[in-house]
Each structure stands twice: as structure tokens, then as C-alpha cells.
Amino acid sequence: MKLNKKGVFESYFVFILSPFLSIPFILAQILRKDKNSIFLLSLLMGIISYLFIPHVNNDKTRYIERYLDFKYLNFQGFFEHLIISQRPDFIFESFIYLFSSFNFNINFLFFIITSFTYFTIFYFGKCLTTEKEYHNYFVLVFFLFFLSFSFPHLFSGVRFYFGISLFLWSIYFMQLRKPLFMGIFMVLATQTHFSIIAFVVPLLVLYLFPNKSFKIFFLLSLLFLFLPHSILDQILNTGILPQAISFKTSLYLYQETSISENLHLLDFLRNLWVYLACIYLLIRRNDKSIYYNLNLLFFAIVNVTHILPVVFMRYAILLKIMFILLLLFDYKKNRNIKPLLLFIFLFVLAQLIDIYVLRYNFLASFSKEHFLNLYSIFSKNISLNDILY
């Protein structure tokens, strides 16, 4: 289907002159259902990621630190680093090493990966609909997928989002019944961020048993939403967990206990959509559709991590994408707009909280010269001296 090409040249021209001043043009192209707008918006998000100044506790700070450490390592030293640190994944780490070895600006890596991630997630949504459906629902699909993004993870937790964008293609090829490509992207995703392996088993189960009902697993997982966080202390004290997992879990638990009551409230509001989504899955008719079964299995996995809020919120990134697909599938089928409106409100609330939480990062990251042109943007080098404390 031929799309409206009006304004495409102007959008690209203004973007090259000044990416941030091109935002009104990009929005106009979105309303015209122009696919080029998604590409330009992805590049814009990459630029924000390039400029984003993290807090000292953010993941992006760790990436910059490793980039500086790798400058003193040859390939053998890097290989020994992977072995000594017992890393179960290596792809993102290898990218950092390559940029460090060739003395490339590490912020260009953040720009490339964030742009790729953002565009891939939108393109994934397009691939799961027909050309006619994508055109007819373009603005709705765009709006929902735009709201699916968690800004703290997109701009700081770059590695996990990158892994999720690769894992989505495992889901795509699972639906096409192409196990080779499904397996390849599973490996790429887990070797980018090993924690994504939690979703591999459910996906394999659904591939092997596509017509089964998995609601019982989801129902059992709901119990974990009511378990007190103190139970994790008891599990750690037993010593039954492997040392590496126990250490990582203790670290997450420490991060959780050091959070203020206000941040606990904000986290609850950010996750409110998850709890209402669980109710939606409970009352929705069990039709064994692939989107419904995927949500049942993925929610079952994520609910188990509820006692570790840091992990829970990270895994909720994939949940939101898959739940949006289910909402779109249901809306297309029954034309009931009420669930969509409810969850759009909750998604907007979550993103507003994200912006509030990152307000100091954004204020430190952007200045007037960043709104001038691409040269002034890419001339800036974010270093450890810029980190917020």
C-alpha cells in the first residue's frame, strides 16, 4: 500500500540541520502514516542516548568504566577478563572492547545500539501485522509502542534493551515455525544479556506445544505477587543458591532496601499496569491464541521475580511489548476501546514518572548548543567527569 510521501524530504532536511528542531516535522509525518518517521525518531532516541549523562549508580556508568579499563588490554587480556569475571554473555562486552581498542567514542556505541533497539521494536510490531492493518492502525500502533519504552532502561540499561530487541525476533520466527532462526536469535539475545534466558524456556514450550493451555502456570505465579520481600533473606541465608547468583541477588536486594519510601510509591505506580494486566489475563476468555499464551507464560516468569523489584521492572519491559500486542489483537477482534484507553493512561503515567525520575539527568544532558546541529551534538564526549552523584 502506497503511503503519503508529503513532507519526507523536509523532515530529513531539518533533521540533518537540527535533530531536535525536526520533532514537529516527525510528528506531522507520523500523523500522515509515513514509515520514515519511525526511522528518524529512532535516530533521535539514539542521539538522546548519546548525550544522556547517567548517575554514578546507573548501568551506563559501568559501561564507560569498562571502556576505559579495556584501553589497557590486548585481545588475550580481554579474553582472560571474560574468563576471570565468569561472564555468561560477551556480545555487548565485545562491542565495548572494540570501541576501546580503536579509540572510538563510546557514546557512538550508545547511539547505534539505542537507535537499532528503538527501530527494531517498532519494526517487530509491523512484521506481526498485515500491510493493510499496519496502515489502518499506524497512529495507534505507533502510540502504544512509543509508550512501551522505559526511558531509564533505554538510555542507561542499553545492554538489556539491546538483548530484548534481538529476542523479539526469536518470537517472530517462532510464529513462523522456523526453529533455526528462532534458535540463532535466542543465542544472540542471551549472549547479549544472559538474564533473558528466563524467557527462552517458555518460548520453547510454546513452540513445542502451541495448542496447549498455560493458564495454570500463570495462576500459580500470582502467589508470588503477595510474598514478602523478607523471604528472600531467608533463602539467601540457607546457602542453597550458587555463589554468583547469591551475590547478584544480594546486590539487587541491597539496592531495594536503600530506596526511599517516595521511590517505592513511584515504582508501584510505574508497575500498576502489570497488576491490572494480570486481572485482564484472568478475566479474558481463554482462546489459546499465541499472544494470549505468550503473555500467560511470560507473566508467569516475571511474577516470580516480584520479590526482586529491580529484576521485576527490568523483565516488565518485554512484558509490556507482548501485552500491547495482545491489546491490539483483542481490539482488532472485538473493537472494545475501553481496555486500550485504561492501559494507555497507565502507560502514560509510567512514562511521566520515568521523566520525573530522570529529570536531573536530562537537565545535565541537554544545553542550547545541542539543539543547533549534528556536528555540535556529536562533538560532545560524555566522560566519567560528567557523571552525576
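Residues numbered from 1 in each chain as written. Predicted model: local features only at pLDDT ≥ 70, side-chain atom pairs only at ≥ 80, totals over all residues. Heavy atoms only, no water.

K.L.:
Which parts of the structure should I look at to understand the overall build of the protein?
P.N.:
Regarding its fold elements, the protein presents 23 helices and 0 strands. A burial count over the protein gives 52% of its 389 residues as buried. Excluding contacts between residues fewer than 6 apart, the proportion of contacts in the protein whose partners are at least 24 apart in sequence is 78%. Accessible surface, the protein as shown: approximately 18,800 Å² in total, 69% of it carbon and sulfur. (Helix = DSSP H or I, 4+ residues; strand = E, 2+ residues; numbered from the N terminus. Buried < 20%, exposed > 50% of the residue type's maximum accessible area, 1.4 Å probe, protein only. Contact = heavy atoms within 4.5 Å. Areas by Shrake-Rupley, 256 points an atom, 1.4 Å probe, with all protein chains shown as cover.)

K.L.:
Whenever I open this one, helix 19 (residues 290-304) confuses me. Can you help?
P.N.:
When the terminal C-alpha atoms of helix 19 are compared, their 22 Å separation across 15 residues agrees well with the 21 Å that a helix rising 1.5 Å per residue should span. The buried fraction of helix 19 amounts to 12 of the 15 residues, a majority that puts the element mostly inside the structure. Looking at the buried residues of helix 19, the elements they touch are helix 11 (158-175), helix 13 (200-208), helix 14 (215-221), helix 18 (272-283) and helix 20 (309-334). (Expected span 1.5 Å × (residues − 1).)

K.L.:
Sorry, what's going on with the pattern of salt bridges here?
P.N.:
Where side chains of opposite charge bring their charged atoms close, a pairing between them can arise. On inspection of all chains with the given rule, the structure shows 11 salt bridges. In this structure, Glu-65 engages Arg-62 in a salt bridge whose closest nitrogen and oxygen atoms are separated by 2.9 Å. Of the two residues, Glu-65 and Arg-62 both sit in helix 4 (residues 59-70), 3 residues apart, roughly one turn of that helix. Relative accessible area serves as the criterion here: at 29%, Glu-65 is assigned to the partly exposed category. With a closest N to O distance of 3.6 Å, Asp-287 and Lys-333 form a salt bridge. Remark: Lys-333 occurs in helix 20 and Asp-287 occurs in the loop between helix 18 and helix 19; sequence separation between them is 46 residues. Here the salt bridges share partners, and the residues they tie into one network are Arg-66, Arg-87, Asp-89, Glu-93 and Arg-159. (Salt bridge = Lys/Arg side-chain N within 4 Å of Asp/Glu carboxyl O.)

K.L.:
I'm lost on a nonpolar patch on the surface in this one. Help?
P.N.:
Residues Ile-216, Phe-217, Leu-219, Leu-220, Leu-223, Ile-279, Leu-282 and Ile-283 make up a contiguous nonpolar surface patch of about 780 Å² in total accessible area. Secondary-structure elements contributing two or more residues to the nonpolar patch are helix 14 and helix 18. With 4 residues, helix 14 is the single largest residue contributor to the nonpolar patch. Position of Ile-216 among the secondary structure elements: in helix 14. (Patch = residues over 30% accessible without salt bridge, like charges linked within 9 Å, V, L, I, M, F, W, Y side chains within 5 Å.)

K.L.:
So what exactly am I meant to see when it comes to the environment of Lys-332 here?
P.N.:
Here Lys-332 shows up in helix 20. Separated by 195 residues in sequence, Lys-332 and Tyr-137 place their C-alpha atoms 9.4 Å apart.

K.L.:
I tried to follow the environment of Ser-11 on my own but got confused; where do I start?
P.N.:
Structurally, Ser-11 can be placed in helix 1 (residues 8-17). Take Ser-11: its relative accessible area is 1%, and that puts it in the buried class. C-alpha separation for the pair Ser-11 and Ser-22, spaced 11 residues apart in sequence, amounts to 6.4 Å. Leave out the neighbours within four places in its chain, and Ser-11 touches Ser-22, Phe-25, Gln-29 and Leu-40.

K.L.:
I keep staring at the nonpolar core and nothing clicks. Help me out?
P.N.:
Within soluble globular proteins, side chains that are nonpolar tend to cluster in buried spots. The biggest cluster of nonpolar side chains holds 114 residues, and the ones touching the most others in it are Phe-167, Ile-171, Trp-273, Phe-298, Phe-299 and Phe-323. Of the residues forming this core, the biggest block, 16 residues, is contributed by helix 20. Contacts of Phe-167, omitting those with residues within four sequence positions, involve Met-186, Ala-189, Ile-196, Phe-199, Val-200, Leu-203, Phe-298 and Leu-318. (Core = buried A, V, L, I, M, F, W, Y, C linked by side-chain atoms within 4.5 Å.)

K.L.:
I keep staring at the side chain of Asn-303 and nothing clicks. Help me out?
P.N.:
Looking at the element boundaries, Asn-303 is found in helix 19. Residue class for Asn-303 comes out buried when judged on its relative accessible area of 0%. With residues up to four places along the chain from it excluded, the contact list for Asn-303 reads Phe-218, Ser-221, Leu-222, Phe-224, Leu-225, Cys-278 and Phe-312.

K.L.:
Explanation requested: the packing of helix 11 against helix 13 in the structure shown.
P.N.:
In a pair of packed helices, the angle between the axes and the distance between the axes together describe the arrangement. The contact between helix 11 and helix 13 brings their axes to 10 Å, and the two run at 10°. By the angle class used here, helix 11 and helix 13 are roughly parallel. Taking contact as the criterion, the partners of Phe-167, Ser-170, Ile-171 and Met-174 in helix 11 are, on helix 13, Val-200, Leu-203, Leu-206 and Tyr-207. Partitioning the contact of helix 11 with helix 13 into residue classes produces 7 nonpolar, 1 polar and no charged. (Axes fitted to C-alpha atoms, helices over the stretch in contact; angles between N-to-C directions. Parallel < 35°, antiparallel > 145°, perpendicular 65-115°, else oblique. Nonpolar A, V, L, I, M, F, W, Y, C, P; charged D, E, K, R; others polar.)

K.L.:
Whenever I open this one, the packing of aromatic side chains confuses me. Can you help?
P.N.:
The description of an aromatic ring pair uses the distance of the two centres, along with the angle that the planes make with each other. According to the stated counting rule, one finds 53 aromatic pairs in the structure shown. Ring pairs connect the aromatic residues Phe-39, Phe-119, Tyr-123, Phe-124, Trp-169, Tyr-172, Phe-173, Phe-181 and Phe-185, which therefore count as one cluster. Over the face of the ring belonging to Tyr-331 we find Arg-335, whose NZ or CZ atom lies 5.8 Å from the ring centre. Directly above the aromatic system of Tyr-356 lies the positively charged group of Arg-359, at a separation of 4.0 Å from the ring centroid. (Phe/Tyr/Trp six-rings, centres within 6.5 Å; stacked < 30°, edge-to-face > 60°. Lys NZ or Arg CZ within 6 Å of the ring centre and 35° of its normal.)

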